[in-house]
Structures are given as C-alpha cells and as structure tokens.
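Reading the structure
Spelled out from the first residue to the last, the chains are:
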Amino acid sequence: MELNKKRRTFPLYLQIILGMVLGIIIGIVAVLLDAGKLVNHWLVPWGQMFIRLLQLIAVPLIFVTLVKGITGLKDIRKFSQLGGKMMLLYLCFIAASAAFGIMLAVTVKPGSLVKHEVVEDIQKQYQANIEEKTIAAEQNIEQGPLNFLNDIIPNNIINAASNNANILQVIFFSVFFAMSILLLPAAKTKPVVEWFDALEKIILKMVDFIIKTTPVGVVALMAGLIVDFKGDISMFSALGVYALTVIVGLLIIMYVIYPIVIHFFARNLKTSKFLRALYPVQLFAFTTSSSAATLPVTMKAVREDLEVSEEVAEFVLPIGVTINMDGTACYQAVAIVFIAQVLGIDLSLWQLVVVLFMTILSSIGTPGIPGGTYVILAMVLTSIGIPPEGLALIIGIDRPLDMLRTSVNVTGDATVACMIDKNKG
C-alpha cells in the first residue's frame, strides 16, 4: 500500500526528466542500429498525440482564462483609477519582459549552435510549413500595413476557433465578450460569470490530465528528435546555452529590473526591504511552480512586510496571478526564437513583432499552474507557422525554468502592488 502511494506521488518533473533521458537513450540506440524507421513508426506517433492534445485544449483554455481574468476586474468600477494604473503597469511589464526575451535570444542565438547540415535535414521535414509561412508573410506585406487587422478581427468566430493559427481572432473575441459582460449590470451577467467559474475548473482539470501524459510525450518526441538529428551532440550544446539564456534573463528581471523600478517608482520603500520581504515568496513560488498556490504567501508578505494597503493588495495581486506573467513572457519569447533557430526558420523583423504581440497576449492567458505554459506555447508556435513538434527540444529541461519564471511572476505582482500603493494620491 505504501509502495503504491509513493508511486502515485512521484514528482511529475522527475518523470519528465527521466522521460527525456529515456528518449535520448532510445534515439541514440536507434541511430546506432539504423532503426530510425522503427522509432518514427511506433514511438513518434505517441508524441504527436501529446502535441495534438495540447493543441486541442488551447482555444478553450485561452478563451476561458481571458474572460475570467477580465471579468475579475468587476471592482474596476469602484476603483477605476486604481484599475487603470494596474492594467497599464501589468501590460508594460509583460511587453518589456517579452521584448527583453526576444533581444536575448536574437543576440545570443543559442539555436545557431546546431550544425548546419543537421538543420538542413530538419528543414526538409518541415519545408511545407516554412514555405507556407513565407508565402503568408509576403502576401501580408503586399496587401498593405493595415492588413493585419483582418487577422485579428474574425468574420466567423466558429471558423476562427477551429484553427489554432487564428488564435488572435479568438483572443479578440474573448476580450470583446468579457468587456461586454463588464458593461452590463452584475445581476444580469451573474449566471454567465458563474458558468465561466465552473467551466474554468473543468478546463484546468483537462489541462491537468494532459500534463500528466507529458513524460510519455517527452520520451516519444525526444527519441524522434534524436533520430532526426542523427544523434548529433551540437543539439545538446544549443539546449544548454538556451537554458542559460533563459535563466540569466529571468534573474536580470527579478534582481535588477524590479529593484530599479522599486527604487525610482515606489516612494519610501527601500529595495533591500523589498528583496528581503520577497525572498520567502520567491522560494515558495520556485518550489510549487504555481503563482496561484503562492498567492496567500504573496498577499501576506506584501501587506505585512511591505506595508501595502489591504485595498490595493486584495485588488491587484489576485488579478496579477491571471494577467501578469512577466517571467512567462520572457521565457516564451526566448523559447520561440530558439526553436525557430534550431529548425532553420529565419524570423523577419515583422515576424518578431508578431512574436512579441502573441507572447504578450498568450502570457496573459497562461494559467498559473505547473505545465500550463506547454499548452499556450504550442498554440503560439502554430499561430506563427513554427511546427509545434519543436516543443520536444525544450520540454525536458522546462521544469527548473518553470520554477524560476514562477518566482519572477509573483515578484512582478508584488512590484506593481507596491508601485500603486506608494504612489496613491
């Protein structure tokens, strides 16, 4: 009985790491024995099913979480000025984090460490995707600078929701729908809001089930990638530099950018006091990988140690759990550019702007639970024409990065709360 209990509580991140190692071993053995077809025919399909599950849940997840996050701003009527400041700060931090992540990835170029001949082989497999994306980009330029509006506003939400590449249209509808709810009397929209509360729980439970299949998906996808890369070691060098790039970026945001912001924009609050108060919160977030689970700890530290008013803390922090994902934005930006580099897809300046925009919007819709980023990242990759199978490159080492970016997310929530409270009046 005890043995079964221990098996059930075996940490998911260890299962994923073991899955990555097992996938690497299987892939190397397959390369040595020239059994690549065996892996591609009998193992890779399981990884493709995992990717399809992520794509399956993406549209419902982004729709429900965005509607929930925006309708959670119902108190904005009471604190209109407070709500406006909060949303502006959250969006500025997310945009800055995403831009910083893109800059890091473009400057460091971790994906360029993969050997050119290996990239060429991979490109042949995804040639259709690359050509389709190139044609779409050329057509967009030919049709004029405002043509992107046609890609944002859907003429049929059912058609938009049926294709993950049209996720911008789903986001537009979600925001439009949620804002309409806010503008109606609460008594009339209460049943709809309650329905979305229940629907969110169902969707997150589905996400939980899908995330539990990650180890199997990692084994299959990693083995397939090793076969595709013919066991080339340069891929692992690139992966190590990628991880280091993400870690450095997140640490700079958390221990350089946030303290500077506090120093200049939070009156009478010393940065040393801010950092001391947030250390336990960051540690809790790091161990749980859930900003939602960390919320009570964040609330306590912000109210008691940083002396932020109850009014501000209880309004700003819960919304930040859903909306403010600075660490996630930086991570997703680096990950997307890295995967594109490894697959040999050159992103133009316009495509990088699209990546920035999509990263901002998608990070808002990322649920504050472990593994929730996989779903959103698969969606973003699909929407900009990058094969979502590229996720296999980063899932195996995602757990420690997930832990660190959660620490960044909760630190960002506390930063905004302090900025608003210390500048009231």
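Overview of the structure. Predicted model only: the values in this text are computed from it and were never measured. (Residues numbered from 1 in each chain as written. Predicted model: local features only at pLDDT ≥ 70, side-chain atom pairs only at ≥ 80, totals over all residues. Heavy atoms only, no water.)

**Points about the overall build of the protein chain**
Looking only at helices and strands, the protein chain features 21 helices and zero strands. Counting over 425 residues, the protein chain shows a buried share of 52%. Here the contacts in the protein chain between residues at least 6 apart in sequence split such that 84% fall between residues at least 24 apart. Split by element, the accessible area of the protein chain, about 19800 Å² in all, is 66% carbon and sulfur. (Helix = DSSP H or I, 4+ residues; strand = E, 2+ residues; numbered from the N terminus. Buried < 20%, exposed > 50% of the residue type's maximum accessible area, 1.4 Å probe, protein only. Contact = heavy atoms within 4.5 Å. Areas by Shrake-Rupley, 256 points an atom, 1.4 Å probe, with all protein chains shown as cover.)

**As for a nonpolar patch on the surface**
Taken together, the side chains of Ile247, Leu251, Tyr255, Val256, Ile257, Ile260, Phe264, Phe265 and Tyr279 present a nonpolar region at the surface, about 820 Å² in accessible area. If one sorts the elements of the nonpolar patch by residue count, helix α13 (residues 234–265) sits on top with eight residues. With respect to the secondary-structure elements, Leu251 resides in helix α13. (Patch = residues over 30% accessible without salt bridge, like charges linked within 9 Å, V, L, I, M, F, W, Y side chains within 5 Å. Salt bridge = Lys/Arg side-chain N within 4 Å of Asp/Glu carboxyl O.)

**A word on the packing of helix α17 (residues 326–342) against helix α21 (residues 398–422)**
For any two helices packed against each other, the geometry is given by the interaxial angle and the distance between the axes. Where α17 meets α21, the axes come as close as 6 Å, and the angle between the chain directions of the two elements is 140 degrees. Viewed along their axes, α17 and α21 adopt a mutual orientation that is oblique. Here α17 contributes Asp326, Gly327, Thr328 and Tyr331 to the contact with α21, which in turn contributes Asp398, Leu401, Arg405, Val408, Asn409 and Gly412. (Axes fitted to C-alpha atoms, helices over the stretch in contact; angles between N-to-C directions. Parallel < 35°, antiparallel > 145°, perpendicular 65-115°, else oblique.)

**Quick look at the nonpolar core**
Residues Tyr242 and Ile394 are the most contacted members of the largest nonpolar core, which totals 115 residues. Not counting chain neighbours up to four residues away, the residues in contact with Ile394 comprise Leu239, Tyr242, Tyr331, Ala335, Phe338, Ile339 and Leu377. Grouped together as the second largest cluster of nonpolar side chains are five residues, Ala30, Val39, Ala223 and Val227 included. (Core = buried A, V, L, I, M, F, W, Y, C linked by side-chain atoms within 4.5 Å.)

**Describing the pattern of salt bridges**
Tallying each qualifying case throughout the model produces four salt bridges. As a salt-bridge pair, Asp402 and Arg405 come within 3.5 Å of each other at their nearest N and O atoms. Here the residue Asp402 and the residue Arg405 both occupy positions in helix α21, the gap between them amounting to three residues, near one helical turn. Across the pair, Arg405 and Asp402 agree in class, each one buried.

**Some details on the environment of Gly249**
With respect to the helices, strands and loops of the structure, Gly249 is situated in helix α13. With a relative accessible area of 0%, Gly249 lands in the buried category. The spatial distance from the C-alpha of Gly249 to the C-alpha of Tyr331 is 8.3 Å, given a sequence separation of 82 residues. Ignoring any residue separated from it by four or fewer positions in sequence, one finds Gly249 in contact with Phe100, Leu104 and Cys330.

**Side note on the side chain of Thr406**
Within the secondary structure, Thr406 is located in helix α21. With residues up to four places along the chain from it excluded, the contact list for Thr406 reads Ala285, Ser289, Ser290 and Ser291.

**Describing unusual backbone geometry**
In the Ramachandran plot, Lys109 falls in the positive-phi region, its phi being about 55 degrees despite a non-glycine side chain. For Glu307, which is not glycine, the phi dihedral falls at a positive 60 degrees. Inspection of the secondary structure assignment puts Glu307 in the loop between α15 (291–305) and α16 (310–323). A relative accessible area of 53% means that Glu307 is categorised as exposed.

**Focus: the packing of aromatic side chains**
For the structure shown, the criterion picks out ten aromatic pairs. An angle of 20 degrees between the planes, with centres 4.5 Å apart, marks the rings of Tyr242 and Phe338 as stacked. Within this pair, whereas Tyr242 is found in helix α13, its partner Phe338 is found in helix α17, the two being separated by 96 residues in sequence. Phe338 shares its class with Tyr242; the two are buried. Ring geometry for Tyr255 against Tyr279: centres 6.5 Å apart, planes inclined by 50 degrees, an arrangement best described as tilted. In this pair, Tyr255 is assigned in helix α13 and Tyr279 in helix α14 (residues 271–288), connecting sequence segments 24 residues apart. (Phe/Tyr/Trp six-rings, centres within 6.5 Å; stacked < 30°, edge-to-face > 60°.)

**Quick word on the environment of Val241**
Within the fold, Val241 resides in helix α13. Once you skip the residues sitting within four places of it in the chain, Val241 turns out to touch Val108, Pro110 and Leu113.

**So, the side chain of Asp413**
With respect to the element layout, Asp413 can be found in helix α21. Buried charge without a partner: Asp413 forms no salt bridge, and the closest opposite charge is Arg405, 13 Å away. Within polar-contact distance, the side chain of Asp413 engages the side chain of Asn324 at 3.0 Å. Setting aside residues no more than four positions away along its own chain, Asp413 makes contact with Tyr90, Val316, Leu317, Gly320, Val321 and Asn324. (Lys, Arg positive; Asp, Glu negative; His and termini not counted. Polar contact = N/O pair within 3.5 Å; in protein donor to acceptor, adjacent residues only side chain to side chain.)

**A few points about α17**
Here α17 is 17 residues long and its end C-alpha atoms lie 25 Å apart, about the 24 Å a rise of 1.5 Å per residue gives. α17 sits mainly inside the fold: 17 of its 17 residues count as buried. Immediately downstream of α17, the backbone of Gly344 shows phi near 75 degrees, a positive value. (Expected span 1.5 Å × (residues − 1).)

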